[in-house]
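Observations on the model geometry
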Amino acid sequence: MFRMTLDYLRAYARTFCKSDEAASAIEYAIVVAMVAVVVVVFVTPVGDKVLAIFNVILTKLGGTAQTKPGI
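Read on for a plain summary of the structure. (Residues numbered from 1 in each chain as written. Predicted model: local features only at pLDDT ≥ 70, side-chain atom pairs only at ≥ 80, totals over all residues. Heavy atoms only, no water.)

Thoughts on the overall build of the chain
For the chain, the helix and strand inventory stands at two helices and zero strands. Buried positions account for 1% of the 71 residues belonging to the chain. Only carbon and sulfur atoms are counted for the fraction: they give 74% of the accessible area of the chain, which is about 6,600 Å². (Helix = DSSP H or I, 4+ residues; strand = E, 2+ residues; numbered from the N terminus. Buried < 20%, exposed > 50% of the residue type's maximum accessible area, 1.4 Å probe, protein only. Areas by Shrake-Rupley, 256 points an atom, 1.4 Å probe, with all protein chains shown as cover.)

Structure follows, in structure tokens:
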């Protein structure tokens, strides 16, 4: 019984190591992480500029400027 389980585990490990699915999953995870970094780096300054534009319009209409919401 133990021998059969050990053979099964060896065969499973061999199949897993030859499989390309794990490498593809890791590659996709790296791409998703890179996209997230790009979004954070480029969207934050754009959001600050949009807030500044709306604050200019708001103050010219007689309102009070808004601050950036905290996280």
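So much for the structure itself; the text now carries on.
Here we look at a nonpolar patch on the surface
On the surface, V46, V50, I53, F54, I57 and L61 cluster together into a nonpolar patch covering about 610 Å² of accessible area. Summarising the element assignment, I57 is placed in helix α2 (residues 21–60). (Patch = residues over 30% accessible without salt bridge, like charges linked within 9 Å, V, L, I, M, F, W, Y side chains within 5 Å. Salt bridge = Lys/Arg side-chain N within 4 Å of Asp/Glu carboxyl O.)

Details of the side chain of N55
Along the chain, N55 turns up in helix α2. On the basis of relative accessible area, N55 is assigned to the buried category, the value being 14%.

Some thoughts on the pattern of salt bridges
Side-chain pairs of opposite charge can arise where the charged atoms are in close proximity. Taken as a whole and judged by the stated rule, the model has one salt bridge. Note that D48 and K68 form a salt bridge whose closest N and O atoms lie 3.3 Å from each other. Of this pair, D48 sits in helix α2 while K68 sits in the segment after α2, placing them 20 residues apart in sequence. On the basis of relative accessible area, D48 is assigned to the partly exposed category, the value being 35%. Its relative accessible area of 51% is what places K68 among the exposed residues.

Treat this as a map of the structure, not an account of what it does.
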